[in-house]
Amino acid sequence: MNEADALERACRQHRGRVLATLIRLFGSFDAAEEAFQDAVVAALTRWPRDGVPHEPAAWLLVTARNRALDRIRREGRRADKELAGEAPWLRAGPVDPADVVAEADALSVPDDRLRLIFTCCHPALAVDAQVALTLRTLGGLTTTEVAHAYLVPEATMAQRIVRAKAKIAGAGIPYAVPAREALPERLGAVLQVVYLVFNEGYSATAGEELVRHELCGEAIRLGRLLVELVPDEPEVAGLLALMLLHDARRSTRVDDDGSLVRLGDQDRSAWDRDQIADGVRLVETAMSARRIGRYQVEAAIAALHAEAPTSDATDWPQIAALYGVLHRLAPSPVIVLNRAVAVAMAEGPLRGLRLVDQVAGDPSLERLHLYHATRGHLLAELGRRADAAVAYERALALAGTTAEQDLLRARLADLRA
C-alpha cells in the first residue's frame, strides 16, 4: 500500500474519532474540521518522505493540534487567544508528531464520540439536521452519502448541515452527554444516527466496497456504550441486537471476487453464531419489557433470518406479520417494500407485486435502486421479462456500488439470454 492509499484509508477509518477529540478540544465544528484538513495536507507531504506512521490516527490528531496552535499564534485572533488561555493542550506548545502515541493517549477521551452524538442531537436542532450533522462529522460520510440515506437532494442536505453547525455555535450547545433526566428527549435521534452509520457501513451507498467494516464496528461500539448508559431502555438494547444480528453475516455478503451474494445464497455455516446468540438474547430481553419499539421489531425480524437453517425454512409469514407491526410503529414506504418481499416469499410474487405497486410513484422510492430491483425481481418471477428488464435498468442507473451494479447486470443478462 502506498502513502496516498494509506492516507485515504486512515481518513476513512479514523476521521470520526480524530474529529470528535478535536471538537472537544476546540469547542467548534468548523475549527476542528479546518485543523483536520491541515493535518491531511501535511500528511500528503510528510508521509511520502518519512513513511506512513505506526499510528496514523494519532499522527493526524497531533498534527492537527500543532497546526491549530500555529494558526492561532500567526493570526493572533482574539477569540482563539482566549481559547488558548483556557486550554492546557494549547498552552503546552507543539509536540513532535514522531512521538504521537503518548500524546494521543493524553488527548483522547473514550467517550468523545458519544459526547459528539449527543451534542449533534440537541433538541434545539431539527431531528433531520441532528442526524445529518452526526453522520457527516462522526460517521465520516460525505454529504452525498448522507443525502442518499435521507433520500433528499445533495444541495438540500448540505444546507441542513451548515445550518446545524451554525445553530450549535450560536446557541452555545455544550459538548457533553446530558444528565439522565434529559436523556429521553435526545435518545431517539441518537439511536437513528447510530443505525444510519451502521447501515452505511453494512451496505455502502457508493464506491468500490459494498461493506465498510470500520463504520459497522464504530456503530456497534457506540451501541454498546449506549446500553451501558441506559441499560433499562429496551429500544437501545433492540438496536444493538439488530446491528449484531446483521453484522453476524457481514463476511458472507460478498464473495471472493467482491460480488454481492443474496441472503438466500449466503453460506450460513460462516455466520458468526456467537454474535447471533448475543443478538437473540438482547432482543428477547428487550421485548420482555413490553415496551415495543421499531428497533426491537426489526431485531426480531433479523433474528428469524439468522436462526433459519435455510432460506426455504425461514418463517416468512411471521416476518411479513412483523413488518406489518413495524409499519404501524414507523410508517415508511421502505417498510412496505420490505414487507412486500416477505409476502412474496410467503404467498407468491403476485401478492408481493401488488404491495409494491401500492407505493409506486413515491418520490423517495423512485430514487432508490432497491425499489426498482425488487419490482424487477417480482416481475421476472411472474414471467414478465420485458417489464422486469425495464425495472432492472432503472435500478442499475441508480445503484451506487460496484457489487450492486454487477449483480443487476447479471440479472439483466439472464433475462435477455
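Here, every reference points to the structure presented above.
Residues numbered from 1 in each chain as written. Predicted model: local features only at pLDDT ≥ 70, side-chain atom pairs only at ≥ 80, totals over all residues. Heavy atoms only, no water.

A.B. asks: Looking at this structure, how should I read the nonpolar core?
C.D. replies: Nonpolar side chains in soluble globular proteins generally cluster together in the buried interior. In this structure, Leu22 and Leu226 are the most contacted members of the largest nonpolar core, which totals 89 residues. A total of twelve residues in this core trace back to one element, the largest contributor, which is helix H11 (residues 183–202). The residues contacting leucine 226, other than those within four sequence positions of it, are Leu114, Phe118, Leu187, Val190, Leu191, Val194 and Val236. Core analysis: the next-biggest nonpolar cluster, separate from the first, contains 35 residues, Val297, Leu322, Ala342 and Ala344 among them. (Core = buried A, V, L, I, M, F, W, Y, C linked by side-chain atoms within 4.5 Å. Buried < 20%, exposed > 50% of the residue type's maximum accessible area, 1.4 Å probe, protein only. Helix = DSSP H or I, 4+ residues; strand = E, 2+ residues; numbered from the N terminus. Contact = heavy atoms within 4.5 Å.)

A.B. asks: What am I meant to see in the environment of alanine 306 here?
C.D. replies: Structurally, the position occupied by alanine 306 is in helix H15 (residues 294–307). It is 8.3 Å that separates the C-alpha atoms of alanine 306 and tryptophan 271, two residues lying 35 residues apart in sequence.

A.B. asks: Please clarify how the pattern of salt bridges should be interpreted in this entry.
C.D. replies: Pairing between side chains becomes possible if they bear opposite charge and their charged atoms approach one another. All told, the structure shown has twelve salt bridges when counted by the stated rule. The closest approach of N and O atoms between aspartate 247 and arginine 250, which form a salt bridge, is 2.6 Å. Assigned by exposure class, aspartate 247 and arginine 250 land together as buried. Measuring nitrogen to oxygen at the nearest pair gives 2.9 Å for the salt bridge that ties glutamate 347 to arginine 351. Residue classification places arginine 351 among the partly exposed residues on the basis of a relative accessible area of 36%. Via salt bridges that share partners, Asp30, Glu33 and Lys165 belong to a single interconnected network. (Salt bridge = Lys/Arg side-chain N within 4 Å of Asp/Glu carboxyl O.)

A.B. asks: Looking at this model, I keep getting lost on the packing of aromatic side chains. Mind explaining?
C.D. replies: What characterises a pair of aromatic rings is the spacing of the ring centres plus the angle enclosed by the ring planes. Per the counting criterion, the structure on display carries two aromatic pairs. Ring geometry for tryptophan 47 versus tryptophan 59: centroids 5.6 Å apart, planes at 75 degrees, classification edge-to-face. Note that tryptophan 47 is positioned in helix H2 (residues 29–50) and tryptophan 59 in helix H3 (residues 56–75), a separation of twelve residues in sequence. One exposure class covers both tryptophan 47 and tryptophan 59, and it is buried. (Phe/Tyr/Trp six-rings, centres within 6.5 Å; stacked < 30°, edge-to-face > 60°.)

A.B. asks: Would you mind going over the environment of leucine 245 with me for this structure?
C.D. replies: With respect to the element layout, leucine 245 can be found in helix H13 (residues 234–247). For leucine 245, a relative accessible area of 3% puts it in the buried group. Taking C-alpha positions, leucine 245 is 9.7 Å from isoleucine 301, a pair spaced 56 residues apart along the chain. If near-sequence neighbours (up to four positions away) are discounted, leucine 245 is found in contact with Ile276, Gly279, Val280, Ala299, Ala302, Ala303 and Ala306.

A.B. asks: Would you mind showing me how to read the packing of helix H20 (residues 369–381) against helix H22 (residues 402–416) here?
C.D. replies: How two helices sit against one another is set out by the angle between their axes and by the gap between those axes. Remark: H20 packs on H22, axes separated minimally by 12 Å, with the N-to-C direction vectors making an angle of 25 degrees. If you check the angle between H20 and H22, you find them roughly parallel. Remark: the crossing between H20 and H22 carries left-handed chirality. Taken together, the residues of H22 that come into contact with H20 (itself represented by His369, Ala373, His377 and Ala380) are Glu404, Leu408, Arg411 and Leu415. Considered class by class, the residues forming the contact of H20 with H22 number four nonpolar, two polar and two charged. (Axes fitted to C-alpha atoms, helices over the stretch in contact; angles between N-to-C directions. Parallel < 35°, antiparallel > 145°, perpendicular 65-115°, else oblique. Left-handed = near helix turned anticlockwise from the far one by under 90°. Nonpolar A, V, L, I, M, F, W, Y, C, P; charged D, E, K, R; others polar.)

A.B. asks: Looking at this model, I keep getting lost on the side chain of histidine 246. Mind explaining?
C.D. replies: Here histidine 246 shows up in helix H13. The buried category is assigned to histidine 246, whose relative accessible area is 18%. For histidine 246, the residues in contact, after removing those within four places along its chain, are Tyr195, Phe198, Tyr202 and Ala302.

A.B. asks: So what exactly am I meant to see when it comes to the packing of helix H14 (residues 273–287) against H15 here?
C.D. replies: Remark: H14 packs on H15, axes separated minimally by 10 Å, with the N-to-C direction vectors making an angle of 140 degrees. Seen along the crossing, H14 lies across H15 with a hand that is left-handed. Taken together, the residues of H15 that come into contact with H14 (itself represented by Arg273, Ile276, Val280, Val283, Ala286 and Met287) are Gln296, Ala299, Ala300, Ala303, Ala306 and Glu307.

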